[in-house]
Structures are given as structure tokens and as C-alpha cells.
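Chain and residue survey
Read off the chains here:
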Amino acid sequence: MPPPLPDDLVAEDLDIGARAQLKTLTKDNAEFVAKHMAMASRLIDENPELAHEHALTAARRAGRIGVVRETLAITAYQLGDFALALRELRTYRRITGRDDQLPLMADCERGLGRPEKALELARSVDAATLETPVRVELAIVKSGARLDLGQPEAALEELRIPELRRDKAFEYSPALFASYAGVLEELGRDDEAAEWFALADRAIDALEAALAPGELESIAITTERIEDDGEATAEESGVPLEADVDDAAEAGDDDDEAAEEADEAADEHVEDVHDVEGAAEPEQVEPPAEPVQPGAAAAAVDEAEPASEEPAPHGDALFGDALFGDDLIEDEDEDEDQEPGRGGDAR
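Residues numbered from 1 in each chain as written. Predicted model: local features only at pLDDT ≥ 70, side-chain atom pairs only at ≥ 80, totals over all residues. Heavy atoms only, no water.

Now for the packing of helix α8 (residues 132-148) against helix α10 (residues 173-186). Any two packed helices are characterised by the angle at which their axes cross and by the distance between the axes. Running from N to C, α8 and α10 cross one another at 20°; their axes reach a closest spacing of 10 Å. Classified by the angle their axes make, α8 and α10 are roughly parallel. The element α8 and its partner α10 pack so that their crossing is left-handed. Of the residues in α10, those in contact with V136, I140, S143 and L147 of α8 are A175, L176, S179, V183 and E186. The residue makeup of the contact of α8 with α10, split by class, is six nonpolar, two polar and one charged. (Axes fitted to C-alpha atoms, helices over the stretch in contact; angles between N-to-C directions. Helix = DSSP H or I, 4+ residues; strand = E, 2+ residues; numbered from the N terminus. Parallel < 35°, antiparallel > 145°, perpendicular 65-115°, else oblique. Left-handed = near helix turned anticlockwise from the far one by under 90°. Contact = heavy atoms within 4.5 Å. Nonpolar A, V, L, I, M, F, W, Y, C, P; charged D, E, K, R; others polar.)

What follows is the structure in C-alpha cells.
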């Protein structure tokens, strides 16, 4: 039984980028899925359990849509069900071919008590191919894994990346500064830690001020890619913090293909156990629409041009894989009485 929906909820409440990925479904089914995904997005912070139920409902109708599987993964992660979240994110990665949820996958490995696997997974992709916010988030997760292993010095080095810039505030700067300060604190370098915590607060204030309506004539969101050559080489942008730029280093390693193959086999097995619930019309299965990849966004003052207002690809739902196997759609014409159970271990 799907969770109830508010009377005033409409499919358009879901982010336009996410709705675009539902175009391979029938009109009625796309509207049904969009509403439950919108509710999952709305409830993810205040009621993650109910958000997860809405995500499950959407996944039963659209198990081959990447953003639907991503949504279910995020809600599982919020509930601490890291095994399910990791499995769903692997499926999302297979469906879309994207690595944008690699940091969350690595953090799930940490949640399962496998920091070595987290580092191995994080190094399986060339960091230079990732968008800047993803690369920064991945560095933070790698640093956390090093702390899990009792390696604070190595944890600090994981955060010495070109984006660790004291002079400008980007959308990822507060989290990066705070993580760096936390590791310094672990090392007993309290004075330096206090300085970086203060920089994190200043970055938040600077970003909020830059985005406050009426404060500036215009705000432009620009994209930059910083090369790992010891200094920032991209166009200077962002909110100034009047400080210096730090050096950086990043590492690489091999991927864990065996785990993904095991997940593919598990997904296929689910087809024999779970039936689709409430599918009024069979889905039209086509390859999902290619999502737009977000760039590294930095708030900057641009008095010549107005702000660009392109929607985020997934909106509020930064979501990943689902509980159901890739062959789920083929069973939609069968019995609709059973509901799938949740897999994986909760941390």
C-alpha cells in the first residue's frame, strides 16, 4: 500500500531535471512516480522513514530510471541502512554511467566499517574527471576513512587539494574548511584548527551575503576546473575571504568490479522474489535521458550579466539506486500483491 499523497501535490513539484528522466514512462505512471519522488524530497530531512516509503513506491513503478534508484539510495543512507544505500548507488551508477555519487558510495563503505574499501573505491576513478564539488566531497570522505584507520597525518594530506583556498568562498568551502580544522584538532594543533573553523564560518557568511537578494546587482554562477599542479590555474572566481591559497595532492587506485558484479546478480535475483505493485499500465522501457552534470559552482559578482537560472539536474533529490533489480520492469504485468523487503544492514 503506497503512502498517501497530499491533495495539493502535483508532479511539477518535482525538479524539472528529475522529471525529464521520467519521460520514458507512460504519462500516468510518470505523474505517479513524480509525486512520490517529490514527497521523498520534501520529507528527507524531517521524516526520512516516510521519505523512504515514498522512494520505495516510486522504485516499484520505475526501477530502471536512474534518478529513482538514486532517490531510494539517499533515503536509505539517511536511515543508516548503508548496505542498501551502497547497493542502490551501484545500480544507479550502472544505469547512468555517472560517478557523481562516488563520495556517497565510499562513505557507505565507511558506514559498514570498511574504511580500506572506501579508499579503494575513492581511488578507482581519476579525480581529474570529476566535477569540482564531487572531487572535494570525495577528498573529505577519504580523509574520514584515514581517521577511521587511525592515520590523522594522512587524513590531513587527503584534504590538501587545490580547492582548499583561504582567499575565496565556494559552495564546497565551508565543509572543506571544517573538515580540515577537525583533522588539525585531532593532531592537537588547536590554534590552526581554530583559524580554519573561523574560516569555515566566514565562508558561510560570505556565501549567504553574496546570495542575499538586493545585496548585489547580480550573482553569476560560474564553472572552473582546478588542475592539480600545485596552484590554482582556473579563472579567479568566488567570494573573497582575503587569505592565502594552499597547495594540494590527490591519489588514485583500482576499482572494485567484483562487488558490482555481485550486486548485478543480486538485482537479477530480486526479479524472482518481488512483483510490481500497482502498475496500471506497463512501462515503456527506453534508455534514461542523459542527466546534466553539475559543474563546480562558485558565487561571484557580475555586474555586466544577470544570474543564470538553470535548474539543477536532480533538484532536491540527489538520489541514487533502488532496491529492485534491473529486470524489474519485465515483471510489471504479473501479480501486484507483494511488496519487496528492504535489503542490507543498517549501521
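Bringing the pattern of salt bridges into the picture now. Counted according to the given criterion, the structure contains 17 salt bridges. Measuring nitrogen to oxygen at the nearest pair gives 3.7 Å for the salt bridge that ties D13 to R42. In this pair, D13 sits in the segment before α1 (16-20) while R42 sits in helix α2 (residues 27-43), placing the two residues 29 residues apart along the sequence. Look at D13 and you get partly exposed, because its relative accessible area is 40%. Looking at R42, the relative accessible area reads 42%, which means it is partly exposed. Between R114 and E109 there is a salt bridge, and its shortest N-O distance comes to 2.7 Å. (Salt bridge = Lys/Arg side-chain N within 4 Å of Asp/Glu carboxyl O. Buried < 20%, exposed > 50% of the residue type's maximum accessible area, 1.4 Å probe, protein only.)

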